[in-house]
Amino acid sequence: MHLSYIDKVSIKVILMTVISIFGLVYFFYDGGTIIQLIVIRIIAVFFTSAHAIGSHRWLCHYSFKPSTFGKYFMLTGLVITGYGRPLHLAVAHGMHHKHSDTLLDPHSPKYHSFLNLWLGRYTMHDQYVIPTKFFREKEAIFVNKHYWGLFFLFNIIVAFIDLKTALVLSPINFLYSWTINSVINYHGHKQGDIIAPNNLNQTLAYLTLGEGLQETHHANPSLYDFSSKDRIDPGKKFIDLFLISKT
Ligand SMILES: [Zn+2]
Ligand SMILES: [Zn+2]
C-alpha cells in the first residue's frame, strides 16, 4: 500500500493523539502526581513556544536575529515538538504568504474544513519555491538533515530515564502545538476572506502566543511584532525575553 505525504501526516496526528491519551493514563498508573504533571507540562510549554516562534518568525521570516542561546532554545523546541523537518514548514509557509487564500495556499480555510486542517490534509502541488535564506543557518540545516534521528534520540533518552515523563512530553507537545496551529490557520484567516480582520479575541491571541494575529502579520511579514492597537502580542515579549541578545 502506497501512503502519500499527507496520509503520513494524518497518521502521525492520530498516532500522537492516541499516545497522548495513553500517556496521560499511564502517567498516573505509574505513580505520577498531578503536581509532577503540571511541572513537566509548564517546562514543555516553554519549548513548544520556542518551537512556534523558531519555526515561523525565525526560520520562515528571519524577522529577528536570535542570540546563540535563543537559537539553540528554538532548535531544541523544534526537535522536542515533533513537527518534522523545519524546511518543509518554511516551504509551505512561503506559499501561504505568496498565495494567501487562493488554490495555491496549502491551508486556506476557504478550501479546507477545520478537521481537514487538523489532519494535515493540506493542498499539495509542485509549484513550491525553496527559501534560500534557510540555507544560511547552519545549525538549522543540521537539525533539518537529522531531524527524526534527533527526535527519536531525545525521546529514547528521556524514556530510559523515566518512561511516563517521555509519554507526556513530545506527544502532548505535538498535539497541543498542532491543534493551536490549526486554530491559527482556520480562524486567523476567516473563511472566504483574503486576509482576516483581527478576529481573534485577546484570550486566543494569548493561547496562540500571538501567532493568530494574522492580519498584522500579513501586512508586514518582516516584523517580529504582531501586535496592533487593540491586541497584545505575547510572542513579541517571548522573543524579547528569551531569544534576542540584550547586548
Ligand atoms: Zn496567514
Ligand atoms: Zn508568516
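Structure shown above.
Residues numbered from 1 in each chain as written. Chains lettered and ligands numbered in written order. Predicted model: local features only at pLDDT ≥ 70, side-chain atom pairs only at ≥ 80, totals over all residues.

Caption draft 1: Inspection of the overall build of the chain at higher detail. Counting secondary structure elements, the chain contains 12 helices and zero strands. The C-alpha atoms of the chain give a radius of gyration of 18 Å, which matches the 18 Å a tight globule of 247 residues would have. For the chain, the spread of C-alpha atoms along the principal axes amounts to about 55 × 50 × 35 Å. Residues classed as buried in the chain amount to 35% of the 247 residues present. For the chain, the proportion of contacts with a sequence separation of at least 24, taken over those separated by at least 6, is 69%. (Helix = DSSP H or I, 4+ residues; strand = E, 2+ residues; numbered from the N terminus. Rg over C-alpha atoms; globule rule 2.2 N^0.38 Å. Buried ≥ 20, exposed ≤ 12 C-beta atoms within 10 Å, placed from the backbone. Contact = placed C-beta atoms within 7 Å.)

Caption draft 2: A look at the nonpolar core. By size, the foremost hydrophobic cluster in this structure holds 31 residues, and its most contacted members are Ile53, Met74, Leu75 and Val79. Residue assignment for this core shows that the elements contributing at least two residues are helix H2 (34–58), helix H3 (68–81), helix H6 (138–145), helix H9 (170–187) and helix H12 (234–243). In this view, valine 79 contacts Val143, Leu150, Phe151 and Phe154; residues no more than four positions away in its chain are not counted. (Core = buried A, V, L, I, M, F, W, Y, C linked by C-beta atoms within 7 Å.)

Caption draft 3: How the structure looks around the packing of helix H1 (residues 5–29) against H9. Packing of H1 against H9 leaves a shortest axis separation of 8 Å and a crossing angle of 125°. In terms of orientation, H1 lies oblique with respect to H9. For the crossing formed where H1 meets H9, the hand is left-handed. The segment H1 lies against H9, with Val13, Met16, Thr17, Ile19, Ser20 and Gly23 engaging Pro171, Ile172, Phe174, Leu175 and Trp178. (Axes fitted to C-alpha atoms, helices over the stretch in contact; angles between N-to-C directions. Parallel < 35°, antiparallel > 145°, perpendicular 65-115°, else oblique. Left-handed = near helix turned anticlockwise from the far one by under 90°.)

Caption draft 4: Up close: H12. Of all the positions in H12, only Gly235, Lys236, Ile239 and Leu243 are classed as buried. Relative to the axis of H12, the buried residues are bounded by an arc of 105° and lie together on one face. In this structure, the buried side of H12 is in contact with H2 and H3. (Arc of directions from axis to C-beta.)

Caption draft 5: Spotlight on unusual backbone geometry. Despite not being glycine, tyrosine 62 shows a phi value in the positive range, around 50°. Assignment of secondary structure puts tyrosine 62 in the loop between H2 and H3. One non-glycine residue with positive phi stands out, namely leucine 209, at about 55°. Its location among the elements puts leucine 209 in the loop between helix H10 (202–207) and helix H11 (214–219).

Caption draft 6: Molecular detail of the environment of isoleucine 21. Looking at where isoleucine 21 falls in the secondary structure, it is placed in helix H1. Once the C-alpha coordinates of isoleucine 21 and leucine 167 are considered, the two residues, 146 residues apart in sequence, prove to be 9.3 Å apart.

Caption draft 7: Inspection of the environment of threonine 208 at higher detail. With respect to the helices and strands, threonine 208 occurs in the loop between H10 and H11. Once residues lying within four places of it in the same chain are set aside, the contact partners of threonine 208 are Ile180, Val183 and Ile184.

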